[in-house]
Amino acid sequence: MVMDGDRPDRDGERARSAPARAPAAAGAKPAGQAGIARGTVARGRGMAPARTHVSDPLHFFVAPEWALMAPCLVAALAVMGLVSFSLPSLVSASIALGGIVITAGSRIAARFEASLDPASWLRYPLMLAMVFLPMFLFGLTASRWTWRVDSVTWEMTVAVLGVVGLIATALLNGRLTSIIAANVGLWVGASIYGGSMVSMALLLTAGAIGLFLAYSHALQAAREGVRRADREREQRRAEELLAEYEQTGQGWFWETDRRGQISYVSPRIARLLGKTQDELEGRPFIELFVLDAREQESERTLVFHLSTRSSFQDLAVQAATGEQEERWWSITGRPVLDQFNNFLGFRGSGTDLTETRKSQRHVTELARFDSLTKLANRFQMAEWLDKILNAPRVENRACAVFLLDLDRFKQVNDTMGHPAGDVLLKQVADRLRTTVGNAGRVGRLGGDEFQIILPGHAPRESLANLARRIIETLSHPYSIEGSRVTIGASVGIALCPDDGTTSEEIIRNADLALYAAKDGGRGRHHFYAKDLHSEAQERQQLEQDLRDAIAHGELELHYQPQVRTTTEKITGFEALLRWKHPRDGYLSPAKFVPIAEDAGLIAAIGEWALRTACHDLARWPEEVRVAVNVSPLQFANPALPAIVTNAIAAAGISPARLELEITESVFLNDDQSTEAMFAALKRVGVRLALDDFGTGYSSLGYLKKAPFDKIKIDQSFVRGATVEGSRNGAIIASIVSLAEALGMETTAEGVETLDELDLVRMLGCSHIQGYIYEKALNADAATIRMHSGLTAIAKGPRSARAQRQTMLRKVMLQHGSHRYDGTIRNISQTGAMIEGLWNVPPGTPFGVQLGDDYVVEAVARWCKEDRMGVEFARPLDLDAAGAVAFVPPRGRRDRPDAPLLRQTG
């Protein structure tokens, strides 16, 4: 048969590796041997050659040990001579010597056979020459000696031949073909002189049987050779794969005895542990790992499985490598049993789990922590809040939730870039950690919004103090890229169980409190109150009503005249958006425009306003213009020039009659797109006005490039400009000088008194807009107004009353021994409008409790239904922000649970 290693190579030449060759069994037909050889070659193609020793009885006819037959034959002849006291004749001795010499060269013959092709016919003559022939010669010598010398009996000769045959069988070591050839040759030689026809017939029969057995043995040897080659190949492949598996670090193997001591461990693991395999053998298997004793008591871990002799899989354990960085392994093992189910130990494998655990830890951090600030993220904060709210004991469910939003953070992003904003967020996170400390947990919800959860009951005063410390800490300047940055913070606070018992309620109410803090002027904290929820519901309902109003065409445009200062002629109108609510009547744009912006409705409203204003303008004199406000969202729309062009074309008006009012906020993202938009609008031919100048955050640098035709002075500078000591007049004068230097017109907004009119005239404003001339008119009224001429006449009071603040604040009113609940709707230093009391006679004195231990005297001046106007006995103080202070004049006292002023219109 042929071994795998005996196959021809790609060039058709035979492989020359001697150990890989194996001859086929004797007695098989050459054709059959060649077929077996070819089949074996085909099965083994592509596999590594099988290494077979030349003494393999399945593959070689001549055994190297056959050379020992030479001294055995000499000994057999010596025995015959000693027993018979005779010597063989010279011819007999020569015949025997030839056989002895042939057997002595068996080692050379065995090597020669290994060099032959397995299918070569030369192997059979070699076997006949090296095995059959010397045995034939010895048998011939023995029979001739016996036949010629009377002292040598046939009984002795047969015995010697039998012993020699047994020795030959032993030396040929299972080579059936060679054994048959040796025995047949021995007895054929012996039968030459002492045989008969019967003996020869028996020998022929034995020979035939031998040939049949040899052929069967050859087939069996071929099959066994294939099986052995397959087993060796599989074993070799498995060994190579396992070795490669270990060497590449993908995994390792281990084995223990029945006492749990190491009997084998991969060399790489021994090196990682700083030991050799010999040093580890006999040591307890658990010494390879760092095991937590507390875990072993309660979980099915390694010690449990080893002690119960149960299988385990993918068990994560920390390696006892002593490295600075932890190394983790995943090990799998099963108990090993013998045929009698006796426990012999454990056997298993392991893989390195370090990188996997790092990845898992990283994924966990990404899933539970904010990647920028390393604070807990929204998911983990919600999980922690749910854990508190679902505590088994009711008294452990109390907590406080702070929602915190940074003020002016967007300005940092817009002016310094997002990388600077990221640095700022990291510093904010560090300050929050330090300020809150161990009192609670801090998390970042996203953007510039943070959350703080404080478990347990805490007095409102303590929570208010913490909120003030947080606001104060975050308001301190930051150093970013060498620049000094100052921001602020607003905080909304909700308590459990006071403000809700579910996480959804707590977060929603804290969010409402945060909006209240922002509306109160930012940089403040606000506790949740029930009226905030009703306002949120009102806002939601208002949004739905606004959508219906847009769909049904219920919005209106009213036009307020703009008058030239020198001629007192109407030169144009500003289109002002109005909405007559079906239930509440006309609503202030300050109330519903922010809702439209948040709901994404402002673009549709703005396009409708442009088309409507152009359509109304077509009915008015050519010298009259109309100004339409453009929101930053509209300005950012690349389709705005096309929308403006279509509106102008549809109305059939001159583009110069349309003026677009743009606020400073469009320059927060000052880039090429902003400049391109200005250029596109100027190509359309419309005029551009800068609205609310001086109230934004931008610098004056944009005035160098933006092609404005007019600057509008915000009414906040006009109001109070006539008050003694006010700086507003100087600001107005500066704006007018700047506009004149740039070749721009100016419009002073919100002029309501004759004193203000005289002032802005004196300061050089080119246009005036305000109630002093006329309030806003609807389209039909404006058309009628123009039919009476464009001359405007100033009408109004000489001076303005004290500035009022709109709010919704609960107060207590005292009249004698009676106490009444009321709500302040607006307030100034000198008076307030209070609702809640009906039919109050003018002149009725009241004590108005504005705060704890703070009661001011007031007198009712008018009353209409449930509203009345009161005048304070003495003016109230203002705080640093210019708002009315609800504290006694002797000093301000912070009350964390007192509602703050809310600007609503």
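Scope of this entry: the structure provided in the associated data block. Keep in mind that this is a model prediction, so the values were computed, not measured.

Let's talk about helix α23 (residues 640–651)
Phase 1 of the analysis: Its 12 residues place the ends of α23 17 Å apart at the C-alpha level, agreeing with the 16 Å of an ideal helix rising 1.5 Å per residue.
Phase 2 of the analysis: Among the structural elements, α21 (602–617), β17 (625–630), α22 (632–635), β18 (658–663) and α24 (672–684) are those in contact with the buried residues of α23.
Phase 3 of the analysis: The first or second residue beyond α23 is G652, which carries a positive phi of 70°.

Observations concerning the sheet that holds strand β6 (residues 343–352)
Phase 1 of the analysis: Strand order across the open sheet formed by six strands is β2-β1-β6-β5-β4-β3, with antiparallel pairing between neighbours. Pairing within the sheet leaves two strands with one partner each, and these edge strands are β2 (262–265) and β3 (289–290).
Phase 2 of the analysis: In the sheet, strand β5 (residues 328–337) pairs with β6 via nine bridges, with the strands oriented antiparallel. Looking at β6, one finds that G333 is bridged to G348.

Focus: unusual backbone geometry
Phase 1 of the analysis: P497 follows C496 through a cis peptide bond whose omega is 15°.
Phase 2 of the analysis: The topology assignment puts P497 in the loop between β12 (488–496) and α18 (503–519).
Phase 3 of the analysis: Here the phi dihedral of E568 falls at roughly 55°; this positive angle occurs in a residue that is not glycine.
Phase 4 of the analysis: Within the fold, E568 resides in the loop between β14 (555–564) and β15 (570–581).
Phase 5 of the analysis: For E865, which is not glycine, the phi dihedral falls at a positive 55°.
Phase 6 of the analysis: By secondary structure assignment, the location of E865 is in the loop between β28 (854–864) and β29 (867–872).
Phase 7 of the analysis: Overall, E865 belongs to the exposed group, its relative accessible area being 54%.

Side note on the sheet that holds β29
Phase 1 of the analysis: With antiparallel pairing, six strands are arranged side by side around a closed barrel as β24-β25-β26-β29-β28-β27. Sheet twist, expressed as the mean angle between neighbouring strand axes with direction ignored, is 45°.
Phase 2 of the analysis: One ladder, built from three bridges, connects strand β24 (residues 805–815) with strand β27 (residues 845–851); its direction is antiparallel. Within β27, the residue paired with L813 across the bridge is V848.

Considering the nonpolar core
Phase 1 of the analysis: With 79 residues, the main nonpolar core has Y559, V644, L658 and F708 as its most contacted residues.
Phase 2 of the analysis: At seven residues, the largest contribution of residues to this core is made by α21.

Focus: the pairing of β2
Phase 1 of the analysis: Pairing geometry for strand β1 (residues 252–256) and β2, over three bridges, is antiparallel. Its bridge partner being in β2, E255 is matched across the sheet by Y264.

Structural notes on the side chain of S503
Phase 1 of the analysis: If you trace the backbone, S503 turns up in helix α18.
Phase 2 of the analysis: At 3.2 Å, the side chain of S503 forms a polar contact with the side chain of D386.
Phase 3 of the analysis: Ignoring sequence-local partners within four residues, the contact set of S503 consists of L385, D386 and L389.

What to know about the pairing of strand β19 (residues 687–693)
Phase 1 of the analysis: Counting buried positions along β19 gives six out of seven residues, so the element sits mostly inside the fold.
Phase 2 of the analysis: Note: β18 against β19, five bridges, orientation parallel. Its bridge partner being in β19, E659 is matched across the sheet by R687.
Phase 3 of the analysis: By the bridge criterion, three bridges tie β19 to strand β20 (residues 710–713) in an arrangement that is parallel. Counted as the bridge partner of A689 is K710 from β20.

Cut-offs used in this document
Residues numbered from 1 in each chain as written. Predicted model: local features only at pLDDT ≥ 70, side-chain atom pairs only at ≥ 80, totals over all residues. Heavy atoms only, no water. Helix = DSSP H or I, 4+ residues; strand = E, 2+ residues; numbered from the N terminus. Expected span 1.5 Å × (residues − 1). Contact = heavy atoms within 4.5 Å. Pairing = 2+ DSSP bridges. Buried < 20%, exposed > 50% of the residue type's maximum accessible area, 1.4 Å probe, protein only. Axes fitted to C-alpha atoms, helices over the stretch in contact; angles between N-to-C directions. Core = buried A, V, L, I, M, F, W, Y, C linked by side-chain atoms within 4.5 Å. Polar contact = N/O pair within 3.5 Å; in protein donor to acceptor, adjacent residues only side chain to side chain.

Limitation: the analysis is restricted to geometry and does not speak to function.
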